[in-house]
Amino acid sequence: MLTPEETARLAVANVTREFPNFPAHLVTAATEDTRPSTLHPAFYGAYDWHSSVHMHWLLVRTLPDLPAATTATYTDVLDRHLTPAHLATEAAYLLDRPGFERPYGWAWLIALAAECRGTRWGAAFGPAVDAVERLLTGWLPKATYPVRHGIHTNSAFALGLILDTGAAAGLTDATLDSVRARLRGWFAADHDAPAHWEPSGQDFLSPALSEADAMRRVLGAEEFPVWLDRFLPALRTGAPCALLDVPVVSDHADPWIGHLLGLALSRAAALRAIAGALPRGPVRTRLAEAADAHLAAGLPAVDSGDFSTDHWLATFAELARPA
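Throughout what follows, the structure given in this document is the object of discussion. Owing to the predicted nature of the structure, the values given are computational and were not obtained by experimental measurement.

1. Describing the overall build of the chain
Broken down by element type, the chain carries 16 helices and zero strands. For 323 residues, the compact-globule formula gives about 20 Å, and the C-alpha radius of gyration of the chain, at 19 Å, lands near that figure. If you line up the chain on its principal axes, its C-alpha atoms span 60 × 40 × 40 Å. Within the span of the chain, comprising 323 residues, buried residues form 52% of the whole. Taking as baseline every contact in the chain between residues at least 6 positions apart, the subset at least 24 positions apart corresponds to 75%. About 14,000 Å² of surface is accessible on the chain, with carbon and sulfur atoms providing 56% of the total. Across the chain, the 25 positively charged side chains and the 36 negatively charged ones have centroids separated by 5 Å.

In structure tokens, the structure reads:
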């Protein structure tokens, strides 16, 4: 695990690095200024928009653990990026493009707003939080089916993160209730998940574990273990379960194969959270042991010096960090 100072340095190096950049932007005119820092004055760095948002989250989250003598180095960056004007521009961009970063980037923006609550940057997030709320309330009624991929468009991971952070960010109870209802509608009747299909070759999220972790957030303490037993019966029977095996990563430098490093860390976080929602016993122990193995496998790659993973992986290491 990186020290807080190393984590902050890594976050700043990424959020202030404009190029290389992979903008998910539809160009509509030859005269359009498509520089990342023009389109996204707050979140222009770290290769892509969502990575910039969650690396800002990582930086803000790390601030309380930094030595007082070095804090200004990092808060200066946040002061430059998280201004009311910059965040208003980001909010307008989202509202103009309702499909942009849906729902992964939305969720990380809400998480960042929640992390900034009570800081000098918190008030500036009002328009951005309002934008995500409007987008969520427009999208959820139309989202008949969940996206179950193990990459950014995964529905369960994003909505679970929104449930964790939405109240602190300022989302209304009505919106959060709609998120819970949508998760129940999508997943409550699921059973016998095809765990042996995982992982896919470019997953950084587990479709099955992301779903289970989302349902942990919406089901009661008695209801969730019953649901999980139907969804992943191999956990109770002791049969082999591919979700508990650390993924093999054949090429850390390949941007897509390297996603599997993030899978190890996101699985570690989900496994630990799911285990914590279960009564003491063999299933809880099995999940906790698998979480430890996944965390140990993913951590060495967090600060490898390779930008293809350095621009995002530390965020998932923070999510996987034991409480």
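Now that the structure has been shown, we can carry on.
2. Some words on the packing of aromatic side chains
Here the structure, examined in full by the defined rule, presents 18 aromatic pairs. Ring centres of Phe224 and Trp227 lie 6.1 Å apart, and the angle between their planes is 20°; on these two criteria the pair is classed as stacked. You can see Phe224 and its partner Trp227 sitting in helix H11 (residues 223-231), three residues apart, about one turn around the helix. Grouping residues by exposure puts Phe224 and Trp227 together as buried. Across from the ring centre of Phe307, 4.0 Å away, lies the NZ or CZ of Arg17, which sits over that ring. Across from the ring centre of Tyr93, 3.8 Å away, lies the NZ or CZ of Arg97, which sits over that ring.

3. Some thoughts on the pattern of salt bridges
On inspection of all chains with the given rule, the structure shows 15 salt bridges. Arg180 is the partner of Asp177 in a salt bridge, and the nearest nitrogen-oxygen pair spans 2.9 Å. Highlighted residues: Asp177 and Arg180, both in helix H9 (residues 173-187), separated by three residues, approximately one helical turn. Relative accessible area serves as the criterion here: at 44%, Asp177 is assigned to the partly exposed category. Across the pair Asp229 and Arg236 runs a salt bridge whose closest N-O atoms are separated by 2.7 Å. A single salt-bridge network, built from bridges that share partners, covers Arg61, Glu115, Glu318 and Arg321.

4. With respect to unusual backbone geometry
One can expect most non-glycine residues to show negative phi and most peptide bonds to be in trans. In this chain, Phe19 is followed by Pro20 through a cis amide linkage whose omega measures 0°. Relative to the elements of secondary structure, Pro20 occurs in the loop between helix H1 (4-15) and helix H2 (36-39). Positive phi, close to 60°, is recorded for Glu101, a residue that is not glycine. Note that Glu101 resides in the loop between helix H5 (84-96) and helix H6 (104-115). If you check the backbone angles, Asp192 has positive phi at about 50° while not being a glycine. Counting through the fold element by element, Asp192 comes out in the loop between H9 and helix H10 (207-218).

5. Things to note about the side chain of His81
Tracing the backbone through its elements, the reader meets His81 in helix H4 (residues 71-81). Here His81 is in contact with Val15, Thr16, Ala42, Tyr44, His56 and His86, once residues within four sequence places are set aside.

6. Digging into the environment of Pro64
Inspection of the secondary structure puts Pro64 in the loop between helix H3 (49-62) and H4. Taking relative accessible area as the criterion, Pro64 reaches 68% and is therefore assigned exposed. Put simply, Pro64 and Glu101 are 37 residues apart on the chain and 29 Å apart in space, counted from C-alpha to C-alpha.

7. Considerations on the environment of Val60
Here Val60 is to be found in helix H3. Residue classification places Val60 among the buried positions, given a relative accessible area of 5%. When the C-alpha atoms of Val60 and Leu78 are compared, they prove to be 8.2 Å apart, with 18 residues separating the residues in sequence. Dropping the residues within four chain positions of it, Val60 is found in contact with Leu78, Leu112, Glu115 and Cys116.

8. A short note on the environment of Arg286
By the element assignment, Arg286 lies in helix H14 (residues 282-298). The class of Arg286 is partly exposed, set by a relative accessible area of 22%. A sequence separation of 275 residues divides Arg286 from Ala11, and the C-alpha atoms of the two residues are 33 Å apart. The contacts of Arg286, once residues within four sequence positions are left out, are Ala234, Leu235, Gly238, Ala239, Pro240, Cys241 and Leu244.

9. Quick look at helix H8 (residues 155-169)
In this model H8 runs 20 Å from its N-terminal to its C-terminal C-alpha over 15 residues, within 8% of the 21 Å that 1.5 Å per residue would give. Residue Leu163 marks the point of greatest curvature in H8, where the axis turns by about 40°. Turning to H8, its buried residues number three or more, namely Ser155, Ala156, Phe157, Ala158, Leu159, Gly160, Leu161, Ile162, Leu163, Thr165, Gly166 and Ala169. If you follow the buried residues of H8, they end up packed against H6, helix H7 (126-139), H9, H10 and helix H16 (313-320). Two to three positions downstream of the cap, the backbone nitrogen of Ala156 sits 3.0 Å from a side-chain oxygen, assigning the N-cap of H8 to Asn154. Gly170 occupies a position one or two residues after H8 and carries a positive phi of about 115°.

How each quantity is defined
- All chains use their own residue numbering, which begins from 1 and follows the written sequence.
- Note on the predicted model: pLDDT of at least 70 is required for a residue's local features to be given, and 80 or more for side-chain atom pairs to be given and counted; whole-chain, interface and lining totals, by contrast, use all residues.
- Heavy atoms from the whole structure form the basis of all side-chain values; hydrogens and water molecules are not counted.
- Put simply, DSSP marks the helices as runs of H or I at least four residues long and the strands as runs of E at least two long, and each gets a number from the N terminus on.
- Both definitions apply: the radius of gyration is a C-alpha atom measure, and the globule rule equals 2.2 Å times residues to the power 0.38.
- Each residue's exposure class comes from its accessible area (1.4 Å probe, protein chains only) as a fraction of the maximum for that residue type: buried when under 20%, exposed when over 50%, partly exposed otherwise.
- Contacts are residue-level and defined by heavy atoms, with any inter-residue pair within 4.5 Å sufficient.
- Each accessible area is a Shrake-Rupley result for a 1.4 Å probe, and residues are judged covered by the shown protein chains and nothing else.
- Think of it this way: Lys and Arg go in the positive column, Asp and Glu in the negative one, and His and the chain ends go nowhere.
- The location of each charge is read from NZ of Lys, CZ of Arg, CG of Asp or CD of Glu.
- Aromatic rings from Phe, Tyr and Trp, with only the six-membered ring used for Trp, were paired whenever their centres fell within 6.5 Å, and each pair was classed as stacked if the ring planes differed by under 30 degrees, edge-to-face if by over 60, and tilted otherwise.
- Working rule: Lys NZ or Arg CZ, within 6 Å of ring centre, within 35 degrees of ring normal, means a charge sits over the ring.
- Whenever a carboxyl oxygen of Asp or Glu lies within 4 Å of a side-chain nitrogen of Lys or Arg, that contact is scored as a salt bridge.
- To estimate how far a helix should reach, multiply one less than its number of residues by 1.5 Å.
- The term bend refers to the angle at a residue between two fitted axes, each drawn through seven residues, those ending there and those starting there.
- Side-chain atoms alone can form a polar contact between residues adjacent in sequence; in general such a contact is a pair of N or O atoms within 3.5 Å, and within protein one must be able to donate a hydrogen while the other accepts it.

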